[in-house]
Amino acid sequence: MNKYVNICAIYTILWCIYNLHLLEVLPSTNFIISKIPLAINLLISLYLFIKVNLYRVKPSIFNALNILILMFVIYGTLSIVSGKEIYVTAIGGTINNASYTISILRSLLPIYAFYYFCRKGYINDINIRWYAIILILIYISYYYIKTLTNSEVLGVDSGETTNNIGYAIVSLLPCLALFANRKIIFYGGLSIIMFVVLMCMKRGAILIGVILSINLIYNAFNRSGRFGKYITLLMSLLIIAFSYKYVNTLYSNNEYFQGRIESTLEGHSSGRDTIANTLINSFMQDTNIFQVLFGRGADSTVEIAGNYAHNDWLEILTNQGIIGVIIFLIYWVNYWKEIRSMRCKSNYRYILTLIFIIYFLSTLFSMSYNQVTTISALLMGYCLYYGHH
C-alpha cells in the first residue's frame, strides 16, 4: 500500500465524475467528464481484473463472473466488428455499437478492482464507512442536481417526471448495514434514501427499496439489545407513520404520482408487456437452431422490439440464446453459494445478500448486469475479501 498515493480513492473519484455523464445528471457533458475518467478507469480495471485472476486463492464467484463477462465481451466485440447501426425507437436515435461492451466492462470490472484494493489494505473495516457516507452524499447530490437541471432545461418539477436515477439510489441501502449500531445515521440515512427513491417515481426501485427497508429494520431489531429493540421499534413506527402521511399527501396533490399508482394497479407496464410479447413470439417462431441456442447477437432486442427488454432473462435469451441464459443462471447460483459459504451472522454475508436482492429483482423488470453502481461494486469487493478473512 502506497502511503502517498491512494489509488483506490482516485479510482473512486474518477467513477463519481464519470457518473455525471452515465446517470445523465447533466444534460450534456464534455470530453473531460464523459471520456477521460472512463478511459483511465477501464484501463485500471482491466489490469486489476488480470491481477485478481492470477491469484491462486480467490472467491469462487469470480470464476462464474469471468465466464459471464467473457460471453458479453465476445458478443459485444462481434457487434463492433459487424459495424451495424442500432436504432432505438424509444429514444428516436442510434446508439454506438461499442456501448454494449463498454457498459459491461464499466459495470462488472470494478468488482475485481475493489476486491484488489481491499486485499492490498486500501479499504478496511474502518474507512469503508467513510467511503459509504461520502458516496451516499454524492449520489443524493446527483439526484438534486439532475432535478434542478430537468427543471431548468425541460421545465418540469421533480414530482412531474420519472427519474431513472432511482435504481442507483436504491443501491445505497446496503451501506446502512455498516451503521446498524449507529441509530441516528442508520435511520436518518434510511429516511433520506427512501424519500429520494420515492421522488424518482420508478416503481421497480420503490418496490425494491421497500423490501430492503423492511429487511434492514428487521435485522437491526434482531441485533439490538432489549433497550435497542425499543428504540428500533419506536423509530420504525415513526418512519411508517411519516411515510404513510407523506405518500397519502403526495397521492392527493400530485397527478403524475397518482397516475403512476393507478396505472400499476390496472396492470399497465409502460409498454414493457408489449416488448416482452414481441420478443417471446420472435423466439418461439425462430426456426434457426443456432439462434435459439446462441441468440441473435448484442442489442438484438432493440432491433426486434425497438427497445431493450427491461428483463435480463428475456434480454439474454434474445441476444445470447438458451446457452446465455444457462450461463447467467450459473452466475446467480454461484453468487448465492458464495453468500452461503460465509459465516451465518457475518455482516459481510448480510450486505452481499442485500446486494443480491437488489440486482436479482432488477433482472425481472429492469437491467442488472450492466447497471452495477460504484457503491455496489465497492461493497461487493469489500465483502468478498473480508468475508473470507
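Further up the page is the structure itself.
Residues numbered from 1 in each chain as written. Predicted model: local features only at pLDDT ≥ 70, side-chain atom pairs only at ≥ 80, totals over all residues. Heavy atoms only, no water.

### As for the overall build of the chain
Right, on to step 1. On a plain count of helices and strands, the chain comes out with 17 helices and 2 strands.
Right, on to step 2. Counting the 389 residues in the chain, one finds 52% classified as buried.
Right, on to step 3. Within the chain, contacts between residues at least 6 apart in sequence are counted, and of these 75% link residues at least 24 apart.
Right, on to step 4. Working note: accessible area of the chain is about 18800 Å², and carbon and sulfur atoms make up 65% of it. (Helix = DSSP H or I, 4+ residues; strand = E, 2+ residues; numbered from the N terminus. Buried < 20%, exposed > 50% of the residue type's maximum accessible area, 1.4 Å probe, protein only. Contact = heavy atoms within 4.5 Å. Areas by Shrake-Rupley, 256 points an atom, 1.4 Å probe, with all protein chains shown as cover.)

### Some thoughts on empty space enclosed by the protein
Right, on to step 1. Throughout the structure, instances matching the rule amount to 3 cavities of 30 Å³ or more.
Right, on to step 2. Size it by volume and the largest cavity reaches roughly 100 Å³.
Right, on to step 3. Forming the walls of the largest cavity are 14 residues, and the residues nearest its centre are L108, Y331, W332, Y359 and V372.
Right, on to step 4. Elements with a minimum of two residues in the lining of the largest cavity: α4 (61–82), α5 (99–119), α15 (312–340) and α16 (347–365).
Right, on to step 5. Counting residues per element, the lining of the largest cavity draws most heavily on α15, at 4 residues.
Right, on to step 6. Taken together, the residues that form the lining of the largest cavity break down as 13 nonpolar, 1 polar and no charged.
Right, on to step 7. If you add up the space inside the second largest cavity, you get close to 60 Å³.
Right, on to step 8. Elements supplying a minimum of two residues to the lining of the second largest cavity: α12 (272–284), α13 (289–294) and α15. (1 Å grid on protein atoms, 1.4 Å probe; cavity = no way out; pocket = protein on both sides within 12 Å on 5 of 7 lines; lining within 4 Å. Points joined across faces, edges and corners; volume = space filled by probe spheres on them. Nonpolar A, V, L, I, M, F, W, Y, C, P; charged D, E, K, R; others polar.)

### Digging into the pattern of salt bridges
Right, on to step 1. Taken as a whole, this structure holds 1 salt bridge when the rule is applied.
Right, on to step 2. For R296, the salt bridge is made with D286, and the minimal N-O distance between the two is 3.2 Å. Taken together, the residues span a long stretch of sequence, with R296 in the loop between α13 and α14 (300–305) and D286 in the loop between α12 and α13 at a distance of 10 residues. (Salt bridge = Lys/Arg side-chain N within 4 Å of Asp/Glu carboxyl O.)

### Focus on a nonpolar patch on the surface
Right, on to step 1. A cluster of nonpolar residues, I289, F290, L293, F294, I322, I323, I326 and I330, forms a patch on the protein surface that exposes about 690 Å² of accessible area.
Right, on to step 2. Taken together, the elements giving at least two residues each to the nonpolar patch come down to α13 and α15.
Right, on to step 3. Mapped onto the elements, I289 comes out in helix α13. (Patch = residues over 30% accessible without salt bridge, like charges linked within 9 Å, V, L, I, M, F, W, Y side chains within 5 Å.)

### With respect to the nonpolar core
Right, on to step 1. Formed by 112 residues in total, the largest nonpolar core has its most connected members in F117, I123 and Y335.
Right, on to step 2. Looking at which element gives the most residues to this core, the answer is α5, with 13 residues.
Right, on to step 3. Here F117 is in contact with I7, C8, Y11, L48, Y122 and I123, once residues within four sequence places are set aside.
Right, on to step 4. Membership of the second largest hydrophobic core comes to 8 residues, among which are I275, F283, A309 and L317. (Core = buried A, V, L, I, M, F, W, Y, C linked by side-chain atoms within 4.5 Å.)

### Concerning helix α10 (residues 226–253)
Right, on to step 1. Between its first and last C-alpha atoms α10 spans 41 Å; for 28 residues at 1.5 Å apiece the expected length is 40 Å, and the two agree.
Right, on to step 2. Among the residues making up α10, those that are buried are G228, T232, S236, I239 and L250. (Expected span 1.5 Å × (residues − 1).)

### Let's talk about unusual backbone geometry
Right, on to step 1. A positive phi angle, close to 65°, is found at M201, a residue other than glycine.
Right, on to step 2. Relative to the assigned elements, M201 resides in the loop between α8 (183–200) and α9 (203–223).
Right, on to step 3. On the basis of relative accessibility, which here comes to 2%, the residue M201 falls in the buried class.
Right, on to step 4. In the Ramachandran plot, D299 falls in the positive-phi region, its phi being about 65° despite a non-glycine side chain.
Right, on to step 5. Looking at the secondary structure, you find D299 in the loop between α13 and α14.

### Structural notes on the side chain of T101
Right, on to step 1. Tracing the backbone through its elements, the reader meets T101 in helix α5.
Right, on to step 2. Its relative accessible area of 10% is what places T101 among the buried residues.
Right, on to step 3. Setting aside its immediate chain neighbours within four residues, T101 contacts V73, G76, T77 and I80.

### What to know about the packing of helix α1 (residues 7–22) against α5
Right, on to step 1. In the contact formed by α1 and α5, the axes pass within 11 Å of each other and the chain directions differ by 160°. Taken together, the axes of α1 and α5 are roughly antiparallel relative to one another. By crossing handedness, the relation of α1 to α5 is classed as left-handed. Between α1 and α5, the contacting residues are I7, C8, Y11, T12, W15, Y18 and L22 on the first element and R106, P110, A113, F114 and F117 on the second.
Right, on to step 2. Its residues assigned to classes, the contact of α1 with α5 comprises 10 nonpolar, 1 polar and 1 charged. (Axes fitted to C-alpha atoms, helices over the stretch in contact; angles between N-to-C directions. Parallel < 35°, antiparallel > 145°, perpendicular 65-115°, else oblique. Left-handed = near helix turned anticlockwise from the far one by under 90°.)

### Overview of the packing of aromatic side chains
Two aromatic rings are characterised by how far apart their centres lie and by the angle between their planes.
Right, on to step 1. On inspection of all chains with the given rule, the structure shows 33 aromatic pairs.
Right, on to step 2. Summarising the aromatic geometry, the rings of Y115 and Y385 are spaced 5.9 Å apart at their centres and angled 75° between planes, so their arrangement reads as edge-to-face. Pair noted here: Y115 is in helix α5 and Y385 is in helix α17 (residues 374–386), with a separation of 270 residues, a long-range link. Y385 carries the same exposure label as Y115, and that label is buried.
Right, on to step 3. Aromatic side chains W332 and F360 sit 5.4 Å apart centroid to centroid with 80° between the ring planes, which places their arrangement in the edge-to-face category. Taken together, the residues W332 in helix α15 and F360 in helix α16 connect sequence positions 28 residues apart.
Right, on to step 4. By way of ring pairs, the aromatic residues F72, Y100, W313, F328, Y331, W332, Y335, W336, F356, F360 and Y369 are connected into one cluster. (Phe/Tyr/Trp six-rings, centres within 6.5 Å; stacked < 30°, edge-to-face > 60°.)

### Thoughts on the state of the cysteines
Right, on to step 1. Evaluated as defined, the whole model comprises 0 disulfides.
Right, on to step 2. Cysteine C175 remains unbridged, with the sulfur of C383 as its closest cysteine sulfur at 10.0 Å.
Right, on to step 3. Using a relative accessible area of 0% as the deciding quantity, one classes C175 as buried. (Disulfide = S-S within 2.5 Å.)

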